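# Results of the structural survey
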Amino acid sequence: MNRNGGTEAGAGVYRFHVRVLGRLELDRDGVPVSLPRGRQRTLLATLALSPGRPVPTGVIADRLWDERLPASAQVTIRNHVKRLRRLLDPAGRAPLIPFADGGYRLDIADDELDLYRFRELTGQAAATADPEDEARLLRQALALWRGSALSDVESASLHREVVPTLAEEYAQALHRRICLDMRRGADAEVITELRRLVSEDPLRERFWAQLMRALQRSGRQAEALVCYEQCRRAVADALGVEPSAELRELHRRLLAGDAGVLGPEPSSPVPNPTSSGSRSGPSRRQPRVPGAAGRVRPTYPPRQLPPGPAPFTGRSPHLGALDRAFRPGEGRSPASVVALVGEAGAGKTALAVHWAHRVRESFPDGQLHVDLRGYAPDAPLSPSAALGTLLSGVYEGPVPEGADARSALLRSVLSGKRFLVLLDNARDTEQVTPLLPGGDHTVVVTSRNQLRGLVARDGAHRLPVDRLTAADAAALFEKLIGHHRCAAEPEAAAQLLSRAAHLPLLLRSLAERVNRYPHARLAEVSSSSYGEGEEAEVLSPHGAATDPPRLVSWSYRTLPPDARRLHRLLGTRSERVIGPRAAAAVSGTSLRETDRLLDRLAEVNLLLQRTPYEFELDALSTARTRADAAAQPPHPGVSKAVSAGAMSGRRISVAPARNSTISVGSSDAVTWAAYSPATGSTAPAKDGPSASSASRPCQKPPCRGA
């Protein structure tokens, strides 16, 4: 296939048409192609959503298996690609789906994908000044939809991270088309359609507002008021909150008999495909600014900080570092952004919220908070959605679509003021950067990711949040279960503390379990609760938010397959501290490749990097990777002897020389044996490095890979 719309090989030319706006369908030269169910269909959908651009193998693996990757994910992906190539080109006329830049690319032309055509039409609708042309183009775009996007594709990852965005684009275009119909006086015509839409999705408040306006303008005010009450109940039942300020204002005006309700609905822009990653043209609609249709909220400053943790113990160095970071000192300016980064369960959010409450009076204009859900069961919050949440606390009026427009509006609204902004649980730098308001504002970000780009490009100050000190962990545990219980059984209390690895989340989970039995001795709780390797399960109260394996899985799914594999292999070791050479020996990869994978794991704090040559697997990761290792065999390149040695706690500190095997003797060191391919026998290696010399981090490894 080529960028002009076909695949050329000799005399054969293919013309493909892929449809994702409904059931996944594929035509070749105008003839429908029967698509097999399962992962072949998922792979085609994944590649088709990025026409002409390589899709990384890590993303493909997520789409195919979500969090349950097989040990041979890369090989399995290659096999699926081969089958898909044969499906697209059964005659073998041309090499299809090439591998490039670490991923696979489906080289279909843009106009061979119905999603591109939809975005192209909505972009043209946004660019025209003629309402009739705009409505016509939107009808053409909406006609491309045949149901829910990718409705027959079995991929939890796609339906969690991609399909909701497509559904939002459809809803925005439909809302705009109905708005245009109502402007030409077709209120009665859209009432039935709007009733169907609000019954299908009762939380779409924009459609409720349109229905209320259409009923009012059709002389049916009582029905319009009933609609508001139905919407209010639906929102309260689902979310426990009141409807939006816009809908409440419309209800107030209906009750007051405001004639303005009978006028045209405020302009509502169609989503700008450029801002969401499409290649369509720019929108003609610009973001509204305060003083136009919208205005800054005048009644009270937002106080959005969540409640602080109780009790809060320790962290004096971190609290002092936060105070100093935002206070000018000799020869330096105050930071505007501080990133609190660390492993899952370390208490980053608790620290940020506690400090924010301490200094909130220094920000009289308000405090804003948003949970970015970067590491959570569902998809991360998009920058556009996060900006919408931030704007809802400081701005009344229509909010433009697209992250760029909303970011500009937020900066305009907050200009000349001083806010404290807490961005909790960020996925990566790309999610955070559009949310930074600039100016004289203070921003605190929490994340498992090291946010290297935020530090390098945006000048953020990174503050690592480690586990609690032994003294602080003991003090927190004592506050949680009571001083008298700890004092009565100090040895049992110490044993319980050791299982929580000084992580605040595990300490609180452990204390919750202890407090279930207020009359039991701590020793009884400990001995009855734990078996070999059961710490993670016992420490987990019901619910994903505090379940260690699930907490780790939310970081785990951001990794490419080769990094996940290394993480699983390291989890089989009883020793948590490991160097690059030992990791290379366990994984069977070159030292350079192992360094890259270790760095990727350290970036999301699944490995804690103390020095350039020392990594530590955190407690939550150990629970997760041991569970995975039990379900999946080790990589073929790792001998049974190495696996047995790792599981028994013996130290592996060097990488094997070429044509060498590793055996585990009675000592903790790995012994070397040269392998003879001709005889299949082993003998002591003459050039094998000693454990002591090989453990020096600066020494060159004896081999490039295993």
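Computed from a predicted structure; not experimentally measured. (Residues numbered from 1 in each chain as written. Predicted model: local features only at pLDDT ≥ 70, side-chain atom pairs only at ≥ 80, totals over all residues. Heavy atoms only, no water.)

### Some words on the overall build of the chain
Scanning the chain for helices and strands turns up 30 helices and 21 strands. Contacts in the chain between residues at least 24 apart in sequence constitute 66% of all its contacts with a sequence separation of at least 6. On the chain, roughly 31,600 Å² of surface is accessible, and the fraction owed to carbon and sulfur atoms is 52%. (Helix = DSSP H or I, 4+ residues; strand = E, 2+ residues; numbered from the N terminus. Contact = heavy atoms within 4.5 Å. Areas by Shrake-Rupley, 256 points an atom, 1.4 Å probe, with all protein chains shown as cover.)

### Looking at the confidence of the model for the chain
Predicted confidence across the chain gives a mean pLDDT of 76, with 74% of residues reaching 70 or more. Contacts from residues 530-545, a stretch scored under 50 in pLDDT, to residues over four places away or in other chains number 29 contacts. Here residues 633-706 scores under 50 on pLDDT; set against residues more than four positions off or in separate chains, the count is 117 contacts. (pLDDT = per-residue confidence, 0-100.)

### What about the pattern of salt bridges?
Counting across every chain of the model gives 43 salt bridges. When the shortest N-O distance is used, the salt bridge between Asp62 and Arg564 registers 2.3 Å. Here Asp62 is found in helix H2 (residues 57-65), whereas its partner Arg564 is found in helix H25 (residues 561-571), with 502 residues between them in sequence. With respect to burial, Asp62 and Arg564 carry one shared label: buried. Put simply, Arg139, Arg177, Asp181, Arg184, Glu189 and Glu193 are held in one network by salt bridges that share partners. (Salt bridge = Lys/Arg side-chain N within 4 Å of Asp/Glu carboxyl O. Buried < 20%, exposed > 50% of the residue type's maximum accessible area, 1.4 Å probe, protein only.)

### Side note on the sheet that holds strand S13 (residues 420-426)
The strand order across the open sheet built from five strands is S11-S13-S14-S10-S15, with neighbouring strands paired in parallel fashion. Across the chains shown, the open sheet's two edge strands, defined by having one partner strand only, are strand S11 (367-371) and strand S15 (461-464). Between one strand axis and the next, the sheet turns by 15 degrees as a mean value, whatever way the strands run. Sitting on the sheet, helix H12 (residues 316-325) is in contact with strand S10 (337-341) and S15, with an inclination near 175 degrees to S15. (Pairing = 2+ DSSP bridges. Axes fitted to C-alpha atoms, helices over the stretch in contact; angles between N-to-C directions.)

### Description of the packing of helix H18 (residues 470-481) against helix H20 (residues 490-499)
Two quantities define a packed helix pair, namely the angle between the helix axes and the distance between the axes. Relative to each other, H18 and H20 sit at 110 degrees, their axes nearing to 11 Å. The orientation of H18 with respect to H20, classified from their angle, is roughly perpendicular. Like other packed secondary-structure pairs, H18 and H20 cross with a definite hand, here right-handed. Contact with H18, carried on its side by Ala473, Ala474 and Phe477, involves Ala493, Leu496 and Leu497 of H20 and no other residues of that element. (Parallel < 35°, antiparallel > 145°, perpendicular 65-115°, else oblique. Left-handed = near helix turned anticlockwise from the far one by under 90°.)

### Side note on the nonpolar core
With 77 residues, the main nonpolar core has Val20, Leu24, Leu47, Ile97 and Leu150 as its most contacted residues. No other element matches the eight residues that helix H7 (residues 163-183) contributes to this core. Beyond its immediate stretch of four places on either side in the chain, Leu24 contacts Val18, Arg19, Leu35, Arg41, Leu44, Ala45, Leu150, Asp152 and Val153. In terms of nonpolar packing, the next biggest core, distinct from the first, is built from 41 residues, Ala352, Leu503, Leu506 and Val514 among them. (Core = buried A, V, L, I, M, F, W, Y, C linked by side-chain atoms within 4.5 Å.)

### Side note on the sheet that holds strand S4 (residues 25-28)
Pairing between the strands of a sheet is mediated by backbone hydrogen bonds and can be parallel or antiparallel. Strand order in the open sheet made by the three strands is S3-S4-S5, with antiparallel pairing throughout. Looking at strand neighbours, the two that pair on one side only are strand S3 (16-19) and strand S5 (31-32), the edges of this open sheet. Where S4 lies against S5, two bridges are found, and the strand directions are antiparallel. If you follow Asp27 over to S5, its bridge partner there is Pro32.

### Thoughts on the pairing of S4
Note: S3 against S4, four bridges, orientation antiparallel. Each bridged residue has a counterpart across the sheet, and for Val18 the counterpart in S4 is Leu26. Counting the residues between successive antiparallel strands, the hairpin from S3 to S4 contains five residues, one of them, Gly22, with a positive phi of roughly 140 degrees. Hairpin connection of S4 to S5: two residues between the antiparallel strands, including Asp29 at a positive phi of 55 degrees.

### Some details on the side chain of Arg160
Position of Arg160 relative to the elements: it lies in helix H6 (residues 156-161). Of note is the side chain of Arg160, whose polar atom sits 3.4 Å from the side chain of Glu161. (Polar contact = N/O pair within 3.5 Å; in protein donor to acceptor, adjacent residues only side chain to side chain.)

### A look at the environment of Val455
Its place among the elements puts Val455 in helix H17 (residues 452-458). For Val455, a relative accessible area of 25% translates into the label partly exposed. In contact with Val455, not counting residues within four places along its chain, are Ala460 and Arg462.

### Here's the deal with the side chain of Arg63
For Arg63, the position within the fold is in helix H2. Its relative accessible area of 13% is what places Arg63 among the buried residues. Among the polar contacts made by the side chain of Arg63, one reaches the side chain of Ser157 at a distance of 2.6 Å. Once residues within four sequence positions are removed from consideration, Arg63 is found in contact with Thr42, Thr46, Ser155, Ser157, Leu158, Glu161 and Val162.

### Quick look at the packing of helix H14 (residues 383-392) against helix H15 (residues 403-414)
Close contact between H14 and H15 brings their axes to 9 Å; oriented N to C, the two are set at 25 degrees. Considering the angle they form, H14 stands roughly parallel to H15. In this structure, H14 meets H15 at a crossing whose hand is left-handed. Contacts between H14 and H15 pair Pro383, Ser384, Ala385, Leu387, Gly388, Leu390 and Leu391 from the former with Ala403, Arg406, Ser407, Leu409, Leu410 and Val413 from the latter. For the contact of H14 with H15, the class distribution of residues is nine nonpolar, three polar and one charged. (Nonpolar A, V, L, I, M, F, W, Y, C, P; charged D, E, K, R; others polar.)

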